[in-house]
Amino acid sequence: MSEAEYRPQNRIPPTVLGLMAAIIGAYAWFIFTGVEQKSLFFYAFALIPARFVETSAYHFGAWYEALGPLFGHVFLHGGVLHIGMNMLMLLQVGPWVTQRLGAGRFLLLFFISALGGALAYILINPGSETPVVGASGAICGVFGAYFLSVRASWRHALADPAVRNAIGVFLLINVVLAGIASATGFLPIAWEAHLGGFVVGAAAYLVLAPRLAPGPWG
């Protein structure tokens, strides 16, 4: 495929719109549903590390129940600001990464990143009963893919100071500052999921990405 055929498109791909619609729709249903259904939905899909401890009273009844929190936490959010910021971040890079990978591989990368973020949070906070919700870990994985896709290859991307600086700023905000905000009690941000999602998303891109023309930065 030539560079001329691979210029960024102005429209938002249906895949990104569909994913956003599913996340926003799940949030809207959660807000307006009854208290009992809300409690069941939250317990089934919120990521709670204690549920992954075999001796915990909250442990899953069957292994497949773990799939709900590992992937379903992306459909829960803590408020309008939370989901709004996540959707804006997804809009920022989702269309480009979808154009690079195609619809199927984009969705695969998104949910692999969600899994990576979830596992990172569980491993760093073993046995914690603090629930985590939101798509930010998965979206950080999309950003990881984006940074590697803005040049002709991931090697060219990492060799470019502009790309490395952008990665550094992104991690400073979403991991370091987010960690400080969480540690000080200013905001309950799961920086562990951000870091895990970013690393896993970048790694997944290396496996999923075809060889393509240079990205939007040249």
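Residues numbered from 1 in each chain as written. Predicted model: local features only at pLDDT ≥ 70, side-chain atom pairs only at ≥ 80, totals over all residues. Heavy atoms only, no water.

A.B. asks: Whenever I open this one, the overall build of the protein chain confuses me. Can you help?
C.D. replies: Across its full length, the protein chain holds nine helices and zero strands. Going from N to C terminus, the protein chain has its helices and strands arranged as α-α-α-α-α-α-α-α-α. Dimensions along the principal axes, computed over C-alpha positions, put the protein chain at roughly 55 × 30 × 30 Å. Across the protein chain, contacts joining residues at least 24 apart in sequence account for 78% of those joining residues at least 6 apart. For the protein chain, the computed accessible surface area is about 11100 Å², with 68% contributed by carbon and sulfur atoms. (Helix = DSSP H or I, 4+ residues; strand = E, 2+ residues; numbered from the N terminus. Contact = heavy atoms within 4.5 Å. Areas by Shrake-Rupley, 256 points an atom, 1.4 Å probe, with all protein chains shown as cover.)

A.B. asks: Looking at this model, I keep getting lost on helix α6 (residues 136-149). Mind explaining?
C.D. replies: Since there are 3.6 residues in each turn of an α-helix, residues three or four apart along the chain are aligned in direction. Helix length check: α6, at 14 residues, gives a terminal C-alpha distance of 20 Å against a target of 20 Å (1.5 Å per residue), a fit within 8%. Of all the 14 residues making up α6, 14 are buried; the element is thus mostly covered by neighbouring parts of the structure. (Expected span 1.5 Å × (residues − 1). Buried < 20%, exposed > 50% of the residue type's maximum accessible area, 1.4 Å probe, protein only.)

A.B. asks: For this particular structure, what's the right way to read the packing of aromatic side chains?
C.D. replies: Two measures describe an aromatic ring pair: the distance that separates the ring centres and the angle between the ring planes. Evaluation of the coordinates by the stated rule reveals 14 aromatic pairs. Here W63 and Y64 contribute two aromatic rings whose centre-to-centre distance is 5.9 Å and whose plane-to-plane angle is 80°, an arrangement assigned as edge-to-face. Considering the side-chain rings of F143 and F147, the 6.2 Å spacing of their centres and the 50° angle between planes classify their relative orientation as tilted. Here F147 and F143 lie together in helix α6, a separation of four residues that amounts to about one turn. For F143, a relative accessible area of 5% corresponds to the buried category. Here the aromatic residues W29, F30, F41, F42 and F45 are joined through ring pairs into a cluster of three or more. (Phe/Tyr/Trp six-rings, centres within 6.5 Å; stacked < 30°, edge-to-face > 60°.)

A.B. asks: Could you clarify how one ought to interpret the nonpolar core in this entry?
C.D. replies: L90, V97, L109, F110 and F147 are the most contacted members of the largest nonpolar core, which totals 38 residues. Where this core is concerned, the elements lending two or more residues are α1 (14-32), α4 (80-101), α5 (103-124), α6, α8 (161-183) and α9 (191-208). If one sorts the elements of this core by residue count, α6 sits on top with nine residues. What L109 contacts, discounting residues up to four positions off in sequence, is L101, G141, V142, A145, G201, A204, Y205 and L208. F60, L70, I122 and A190 belong to the second-largest nonpolar core, a separate cluster that totals ten residues. (Core = buried A, V, L, I, M, F, W, Y, C linked by side-chain atoms within 4.5 Å.)

A.B. asks: Would you explain α9 in this entry?
C.D. replies: For α9, built from 18 residues, the straight-helix expectation of 26 Å at 1.5 Å per residue is met to within 8% by its first-to-last C-alpha distance of 25 Å. For α9, the complete set of buried residues consists of E192, A193, H194, G196, G197, F198, G201, A202, A204, Y205 and L208. Against α4, α5, α6 and α8 lie the buried residues of α9.

A.B. asks: Help me understand a nonpolar patch on the surface in this model?
C.D. replies: Together, V169, L172, I173, V176, L177 and I180 make up an exposed nonpolar region whose accessible area comes to about 510 Å². By the secondary structure assignment, V169 is in helix α8. Take V169: its relative accessible area is 47%, and that puts it in the partly exposed class. (Patch = residues over 30% accessible without salt bridge, like charges linked within 9 Å, V, L, I, M, F, W, Y side chains within 5 Å. Salt bridge = Lys/Arg side-chain N within 4 Å of Asp/Glu carboxyl O.)

A.B. asks: What is the right way to read the confidence of the model for the protein chain from this model?
C.D. replies: As a note on interpretation, predicted positions should not be read in detail where pLDDT is low. Mean pLDDT over the protein chain works out to 92, with 92% of the residues at or above the 70 mark. In this model residues 1-6 is a low-confidence stretch, pLDDT under 50, and it forms nine contacts with partners more than four residues away in sequence or in other chains. (pLDDT = per-residue confidence, 0-100.)

A.B. asks: I would appreciate a short explanation of the packing of α1 against helix α2 (residues 35-45) in the present structure.
C.D. replies: Think of two packed helices as two axes; the pair is described by the angle between the axes and how far apart they sit. At a minimum axis distance of 8 Å, the contact between α1 and α2 shows a crossing angle of 135°. Relative to α2, α1 is oriented oblique. On α2, the residues touching W29, F30 and I31 of α1 are Q37, K38, F41 and F42. The residue makeup of the contact of α1 with α2, split by class, is five nonpolar, one polar and one charged. (Axes fitted to C-alpha atoms, helices over the stretch in contact; angles between N-to-C directions. Parallel < 35°, antiparallel > 145°, perpendicular 65-115°, else oblique. Nonpolar A, V, L, I, M, F, W, Y, C, P; charged D, E, K, R; others polar.)

A.B. asks: Is there a simple way to think about the environment of N174 in this case?
C.D. replies: One can find N174 in helix α8. The exposure class assigned to N174 is buried, which follows from its relative accessible area of 12%. Measuring from C-alpha to C-alpha, the distance between N174 and C140 comes to 8.4 Å, with 34 residues separating the pair along the chain. Setting aside anything within four residues of it in sequence, one finds N174 in contact with M89, W191 and H194.

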